[in-house]
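Overview (structure and organization)
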Amino acid sequence: MAPLRFSANLSWLFPEVAGLPARLRAAGSAGFEAAEVAFPYAERPEALARAGRDAGLRLVLINTPPGDQEKGEMGLGAVPGRQAAFREGLEEAVLYAKALGCPRIHLMAGRVPQGTDRAAVRGEMETVFLENLRHAAEVLAQENLVGLLEPINTRITDPRYFLDTPQQAAAILQKVGRPNLQLQMDLFHWQIMDGNLTRNIQEFLPVVGHVQVAQVPGRGEPDSPGELNFPYLFQLLEDEGYKGFVGCEYLPQGDTVEGLTWLRSYWDRRGHPQAGL
């Protein structure tokens, strides 16, 4: 069983460091071999790619643009009337992914429109999402890229997010039926919405392209106080043969590097994978 490979989510880690290029350097210095970032679009892609190379990191995940955040948008994939904007954002994400050598793009579903009832618009939003995902799968396939669907919990983090359970996301993936669309498994969200992590990991891992971790409910380091037993969960991922990256998408409780004792302990026990392997 190969050890897990971890990526630093630079939208969350190293908040004490200003700027994405500096966070890339900090992640490389901390021993990470890979990084991910939600929205890299404030930086020029070529400059970001150079900063990643200089830090000895590969970029493994970005998100599609969120849309108009001032109007409360957080993704556009399932939002009625925003199909053209989703496709424009997808093109921008593909441009960045190609420049960064990043193989995966999280295709953000977006939120139930303000003032509408979730149940009333669920069917329409799913139809829009399926249409956009079929289009995205074709675009991504031309560039040998993978699109990811991430359920985000609606109990704590984002009450209006459309895609909120692994079962819903897996059903949509099955309806689209494209091999380059996969599931993004954030254990923080999955625990809050459904629990039953052992069975859910075993059931859905064959279609999982990326994993993310944070403790529940505080969203801190995996070894911070909370509900999840990460030594057990990491062993389960190994036992089930997971070969992708595990993104560290958590809010450090203090200095980021000081809070990485859990990861250094894992590397001491299981070995530290070399970049590029």
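Scroll up to find the structure this text is about.
All values reported here derive from a predicted model rather than from experimental measurement.

**Notes on the overall build of the chain**
- Along the backbone of the chain there are nine helices and eight strands.
- Taking 2.2 N^0.38 as the reference for a compact globule, 277 residues should give roughly 19 Å; the C-alpha atoms of the chain span a radius of gyration of 18 Å, in line with that estimate.
- Judged by the C-alpha coordinates and their principal axes, the chain covers about 50 × 40 × 35 Å.
- Within the chain, buried positions represent 57% of all 277 residues.
- For the chain, contacts bridging at least 24 residues in sequence account for 78% of all contacts bridging at least 6.
- When the accessible surface of the chain is summed, it comes to about 11,800 Å², and 49% of that surface belongs to carbon and sulfur atoms.
- Of the charged side chains in the chain, 26 are positive and 34 negative; the average position of the first set lies 3 Å away from that of the second.

**A few points about the packing of aromatic side chains**
- Tallying each qualifying case throughout the model produces eleven aromatic pairs.
- Here Phe32 and Trp267 contribute two aromatic rings whose centre-to-centre distance is 6.3 Å and whose plane-to-plane angle is 75°, an arrangement assigned as edge-to-face. Taken together, the positions of Phe32 in the loop between helix H1 (20–29) and strand E2 (34–37) and Trp267 in helix H9 (residues 261–270) put the pair 235 residues apart, joining distant regions of the chain.
- Note on Trp190 and Phe204: the rings are 5.8 Å apart at their centroids and 85° apart in plane angle, and the pair reads as edge-to-face. You can see Trp190 sitting in helix H6 (residues 187–193) and its partner Phe204 sitting in helix H7 (residues 197–204), a full 14 residues away along the chain. Taken as a pair, Trp190 and Phe204 share a single burial class, namely buried.
- Pairwise contacts between aromatic rings join Phe6, Phe230, Phe234, Tyr250, Trp262 and Tyr266 into one cluster.

What counts as what
- Residues numbered from 1 in each chain as written.
- Predicted model: local features only at pLDDT ≥ 70, side-chain atom pairs only at ≥ 80, totals over all residues.
- Heavy atoms only, no water.
- Helix = DSSP H or I, 4+ residues; strand = E, 2+ residues; numbered from the N terminus.
- Rg over C-alpha atoms; globule rule 2.2 N^0.38 Å.
- Buried < 20%, exposed > 50% of the residue type's maximum accessible area, 1.4 Å probe, protein only.
- Contact = heavy atoms within 4.5 Å.
- Areas by Shrake-Rupley, 256 points an atom, 1.4 Å probe, with all protein chains shown as cover.
- Lys, Arg positive; Asp, Glu negative; His and termini not counted.
- Charge placed at Lys NZ, Arg CZ, Asp CG, Glu CD.
- Phe/Tyr/Trp six-rings, centres within 6.5 Å; stacked < 30°, edge-to-face > 60°.

Nothing here speaks to function; it is all geometry.
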